[in-house]
Amino acid sequence: MATVIVVTSGKGGVGKTTTSASFATGLAQRGHRTVVIDFDVGLRNLDLIMGCERRVVYDFVNVINNEANLNQALIRDKRVENLCILPASQTRDKEALTKDGVERILGELRQNVEDIVCDSPAGIERGALMALYFADEALVVTNPEVSSVRDSDRILGILASRSRRAEQGDEPVKEHLVLARYAPERAHSGEMLSVDDVLEILGIPLLGVIPESPTVLQSSNAGVPVVLEEDSDAGAAYSDLVDRFLGKNLPHRFTTIQKKGLLKRLFGGG
Amino acid sequence: MGLFDYFRAPPSKSAAVAKERLQIIVAHERGGRRSSPDYLPTLKKELLDVVRKYVPIDQSQVKVHLDREGGYEILELNITLPDEEQRQGPR
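The structure presented is a predicted model; accordingly, all values stated were derived computationally and were not measured.

### Overview of the overall build of chain A
Then step 1. Across its full length, chain A holds 13 helices and eight strands.
Then step 2. On C-alpha atoms alone, chain A measures out to a radius of gyration of 18 Å, which is about the 18 Å that the 2.2 N^0.38 rule sets for 270 residues.
Then step 3. Across the 270 residues in chain A, those meeting the buried criterion constitute 55%.
Then step 4. A separation threshold of at least 6 residues defines the contact pool for chain A, and within that pool the share at least 24 residues apart is 74%.
Then step 5. When the accessible area of chain A is evaluated, it comes to approximately 12,100 Å², of which 46% is carbon and sulfur surface.

Okay, structure coming up:
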């Protein structure tokens, strides 16, 4: 039976799509047959982050409306085996996502893959609710900043009350915290909420800390999931995150200040 | 940090303020979310009817409170019985 994992946050711009792309790519690299679905109908971007925007022919809504079948809409990733992308429609609105339609497509995918990653839109409207409704597990992406933490808490409330698992009284959706755009030196100097502060407020297990890194922008410019930039700190952090999700017990990196050389300390940078 | 940063005033510890504000607002919003189940008013009324068979009490003397602690829910019931004199009425 496949696992459905929603990547959600409430707030926009915190790194949901970046996380979805790298998480799904990481799962596929480790041999899991994986599909990543963009639920942001009308504002799709997963295709750009994954670098397959010019290969989109049919989309999620076409499949829901039986205008295309799943195989026509799925885009096979060219870099990593076992990975497919299901893009969102750019021309419809989010009302096109019906509960029955989404359920039918997830049901079809469950027959053929092991992991289904649902990239949620921001907000708590239909698109976001549909992305989380069928989830077995949730990656809650949070930035160490007040509005993001508050919105994450709100999303945790919705996962606990409005998911299918909640409605049917099944075991609750398993929650994981992904703390993104973290700057250890700023947290250390008391300018930024620390990992422990956020954990204390949200009270869910930490899956990974992604450091603020210029590589994230560079890789989105290039359309390459940052997890494939193995030498970068953000790439390594996502790689660890995937391993932890699959049960490896790895210590958290990038949560403390990196030692800098004398030149860097004097002249800044890095 | 560059050379010139050493001459700047140290940054304020605003993270502590952020944490405190978040703890308050999040606790407040969770409170509203975890509202009591809808059977509570009926439960309260039926309990009142049962107790009334034996002791004359009114609505305000029954307090029903639902608490959540970890994985448990605690239903707290508090009935204030009237004084002995009141119960027996004037002689």
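Back to the text.
### Some words on the overall build of chain B
Then step 1. Of regular secondary structure, chain B possesses three helices and two strands.
Then step 2. Along chain B, from the amino end to the carboxyl end, the secondary structure elements read α-α-β-β-α.
Then step 3. Residues counted as buried form 18% of the 91 residues belonging to chain B.
Then step 4. Sequence-distant contacts in chain B: of pairs separated by 6 or more residues, those separated by 24 or more amount to 30%.
Then step 5. Surface summary for chain B: the accessible area is close to 7,600 Å², and the carbon and sulfur share equals 55%.

### Quick look at the pattern of salt bridges
A side chain with one charge may pair with a side chain of the opposite charge, provided their charged atoms come close.
Then step 1. This model, assessed by the stated rule, comprises 16 salt bridges over all chains.
Then step 2. Glu67(A) is the partner of Arg92(A) in a salt bridge, and the nearest nitrogen-oxygen pair spans 3.2 Å. Of this pair, Arg92(A) sits in the loop between β4 (83-86) and α5 (99-110) while Glu67(A) sits in the loop between α3 (60-64) and α4 (70-73); the two residues are 25 residues apart in sequence, bridging distant segments of the chain.
Then step 3. If you follow the salt bridges from partner to partner, you end up with Asp197(A), Glu200(A) and Lys19(B) in one network.

### Comments concerning the state of the cysteines
All names here are of chain A.
Then step 1. Counted by the stated rule, this structure contains zero disulfides over all chains.
Then step 2. With no disulfide of its own, Cys52 lies closest to Cys84 among cysteine sulfurs, the gap being 10 Å.
Then step 3. When its relative accessible area of 2% is taken as the criterion, Cys52 is described as buried.

### Some words on the environment of Leu202(A)
Then step 1. Mapped onto the fold, Leu202(A) is located in helix α10 (residues 195-202).
Then step 2. Residues Leu202(A) and Ser152(A), 50 residues apart in the sequence, show an inter-C-alpha distance of 7.8 Å.
Then step 3. Those residues in contact with Leu202(A), other than ones at most four positions away along the chain, are Thr142(A), Val149(A), Ser152(A), Asp153(A), Leu156(A), Leu177(A) and Arg30(B).

### A short note on helix α1 (residues 16-29) of chain A
Residue and element names in this part refer to chain A.
Then step 1. Under the 1.5 Å per step criterion, the end-to-end length of α1 is 20 Å for 14 residues, consistent within 8% with the ideal 20 Å.
Then step 2. Among the 14 residues in α1, twelve count as buried, and that is most of the element.
Then step 3. When α1 is considered as a whole, its buried residues turn out to be Lys16, Thr18, Thr19, Ser20, Ala21, Ser22, Phe23, Ala24, Thr25, Gly26, Leu27 and Ala28.
Then step 4. Taken from the residues just after α1, Gly31 is the one with a positive phi, measuring 95 degrees.

### A short note on the sheet that holds strand β7 (residues 174-182) of chain A
All names here are of chain A.
Then step 1. The mixed open sheet is built from eight strands, whose spatial order is β3-β4-β2-β5-β1-β6-β7-β8. Each edge of the sheet is formed by a strand with only one pairing partner; in this case those strands are β3 (75-76) and β8 (206-211).
Then step 2. Where strand β2 (residues 34-38) and β4 come together, four bridges link them in parallel fashion. The residue bridging Thr34 from the neighbouring strand is Leu83, located in β4.
Then step 3. Sheet contacts for α10: β6 (137-142), β7 and β8; angle to β7, the most-contacted strand, approximately 150 degrees.
Then step 4. Packed onto the sheet, helix α12 (residues 233-245) meets β1 (3-8), β6, β7 and β8 and runs at close to 175 degrees relative to β8.

Each value, and the rule that gives it
- Residues numbered from 1 in each chain as written.
- Chains lettered and ligands numbered in written order.
- Predicted model: local features only at pLDDT ≥ 70, side-chain atom pairs only at ≥ 80, totals over all residues.
- Heavy atoms only, no water.
- Helix = DSSP H or I, 4+ residues; strand = E, 2+ residues; numbered from the N terminus.
- Rg over C-alpha atoms; globule rule 2.2 N^0.38 Å.
- Buried < 20%, exposed > 50% of the residue type's maximum accessible area, 1.4 Å probe, protein only.
- Contact = heavy atoms within 4.5 Å.
- Areas by Shrake-Rupley, 256 points an atom, 1.4 Å probe, with all protein chains shown as cover.
- Salt bridge = Lys/Arg side-chain N within 4 Å of Asp/Glu carboxyl O.
- Disulfide = S-S within 2.5 Å.
- Expected span 1.5 Å × (residues − 1).
- Pairing = 2+ DSSP bridges.
- Axes fitted to C-alpha atoms, helices over the stretch in contact; angles between N-to-C directions.

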